[in-house]
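Residues per chain are reported as follows:
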Amino acid sequence: MFHLLNKNLNLQLFFLTVLAFWAAWTIFAQMTLMPAEGTAILYHYVAKLWTWSPIVVRILVLGIVLTMTIGINHHFQVNHLAENRTYIPGVFLLLMLNSGKFLYMLTPALLTSFFLALTMIIYAPSEPSAKMKDRIFTFGLVIAIATLLDISAFGIVLFLILMIAVNSVNAFKDILILLIGLAFPYIYCFAIAFIASGMPKFLQSWADLTIFVPYKQFLSMRVMDYILLAYFIILTIVLIVRGKRMYDNKLIVIRQAFNNVHLLLISMLLFLGLGIVPLPMALLYLLLPVAIYLTVAVIPKKYRFVYDFLIVALCVLLWL
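1. Some details on the packing of helix H12 (residues 223-247) against helix H13 (residues 252-272)
Part 1 of the reasoning: Packing of H12 against H13 brings their axes to within 10 Å, and their N-to-C directions diverge by 165°. Accordingly, the angle class assigned to the pair H12 and H13 is roughly antiparallel. For H12 against H13, the interelement crossing comes out left-handed. Taken together, the residues of H13 that come into contact with H12 (itself represented by Thr236, Ile240, Gly243, Lys244 and Tyr247) are Ile254, Arg255, Phe258, His262 and Leu265.
Part 2 of the reasoning: Class assignment for the residues of the contact of H12 with H13 results in five nonpolar, three polar and two charged.

Right under this line is the structure:
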């Protein structure tokens, strides 16, 4: 089913449209806001904006979801992870967002996923080194804002450091540029807080952060949640193995791009438990790389019916 869908662009666009409308309906009809207590300082302003005008926030969230969809499709295409154009990564992303009810509540995890999508859009592996350094500095600026919205966004920082260390010939210099870009928004916030005599409030906002929520509530989850987490982990491992077999004989740059997806998954998995978003809602941090793994899995014809069943089972468990 998904293997055949991958060959039909018109059908992919149809499903993308249907899933996008489903996401829009959920956002405007059912979405609520996670309370701001214990969250990062900029998320409090998101909560204030919601109080002022929920419709404005919902419009912004719809823009975030569409950006994530565009970002993952762009990343898949620009890195040549498929021989032909495909919109299946966006289809899988929207399918998981909707079936997992991740859009029923606006959480910091959704905002972090948005910044991950921006990173996918901005990152261009074929750029000349001089332009790439400018992009790395931009990464630092953008991701610093993400960390002020969600402490788990430091996983993106780790991802970029690992990706630069693995892929760059001037890794130390590029990582330094990234960290300088990361420091600028923090310096700006400190300066504003100092000038406005708001330094105690700014520091207190960090002291009041609630952290390690996924670990603290792990033993109090539903039985179905444990089944979902176990299945999610096993399926992800199976998908990684299938992808590795597929790309073993590909060009080095393509294998490198697929390895970058591994780095993204590992980085976000390590920082998933740092923040305030509980499980299984925190799986949202992993949906972008998993959507890529799912797309890679349905490209080969071999065992296509097995992977159809595994993907449908994942969606059912996410819904339950």
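2. Some words on the confidence of the model for the chain
Part 1 of the reasoning: When pLDDT is averaged across the chain, the result is 88; 96% of the residues are at 70 or more.
Part 2 of the reasoning: Between the elements of the chain, mean pLDDT differs from a low of 76, seen in helix H10 (residues 199-207), to a high of 95, seen in helix H5 (residues 88-99).

3. Topic: the packing of aromatic side chains
Part 1 of the reasoning: Scanning all chains against the criterion turns up 10 aromatic pairs.
Part 2 of the reasoning: Between Phe14 and Phe15, the ring centres sit 5.6 Å apart and the planes meet at 70°, which makes this aromatic pair edge-to-face.
Part 3 of the reasoning: Counting every residue linked through ring pairs, the aromatic cluster contains Tyr247, Phe258 and Tyr293.
Part 4 of the reasoning: Residue placement shows Lys101 over the ring face of Trp319; its charged tip is 4.4 Å from the ring centre.

4. Overview of the environment of Thr147
Part 1 of the reasoning: Summarising the element assignment, Thr147 is placed in helix H7 (residues 129-149).
Part 2 of the reasoning: Setting aside anything within four residues of it in sequence, one finds Thr147 in contact with Ala40, Ala153, Phe154, Val157, Tyr186 and Trp206.

5. Side note on the nonpolar core
Side chains of a nonpolar character, in soluble globular proteins, are inclined to be buried together.
Part 1 of the reasoning: Core analysis: the largest hydrophobic core is formed by 116 residues, its most contacted members being Phe92, Leu97, Leu106, Leu110 and Leu314.
Part 2 of the reasoning: In terms of residue count, the dominant contributor to this core is helix H14 (residues 287-298) (10 residues).
Part 3 of the reasoning: Contacts of Leu97, omitting those with residues within four sequence positions, involve Val65, Met68, Phe102, Leu103, Leu284 and Leu287.

6. What to know about unusual backbone geometry
Part 1 of the reasoning: Along the chain, Leu279 connects to Pro280 via a cis peptide bond; the corresponding omega equals 0°.
Part 2 of the reasoning: Structurally, Pro280 is set in the loop between H13 and H14.
Part 3 of the reasoning: In the Ramachandran plot, Tyr303 falls in the positive-phi region, its phi being about 60° despite a non-glycine side chain.
Part 4 of the reasoning: As for its placement among the helices and strands, Tyr303 is situated in the loop between H14 and helix H15 (304-319).

Reading the values: rules and limits
- Residues numbered from 1 in each chain as written.
- Predicted model: local features only at pLDDT ≥ 70, side-chain atom pairs only at ≥ 80, totals over all residues.
- Heavy atoms only, no water.
- Axes fitted to C-alpha atoms, helices over the stretch in contact; angles between N-to-C directions.
- Helix = DSSP H or I, 4+ residues; strand = E, 2+ residues; numbered from the N terminus.
- Parallel < 35°, antiparallel > 145°, perpendicular 65-115°, else oblique.
- Left-handed = near helix turned anticlockwise from the far one by under 90°.
- Contact = heavy atoms within 4.5 Å.
- Nonpolar A, V, L, I, M, F, W, Y, C, P; charged D, E, K, R; others polar.
- pLDDT = per-residue confidence, 0-100.
- Phe/Tyr/Trp six-rings, centres within 6.5 Å; stacked < 30°, edge-to-face > 60°.
- Lys NZ or Arg CZ within 6 Å of the ring centre and 35° of its normal.
- Core = buried A, V, L, I, M, F, W, Y, C linked by side-chain atoms within 4.5 Å.
- Buried < 20%, exposed > 50% of the residue type's maximum accessible area, 1.4 Å probe, protein only.

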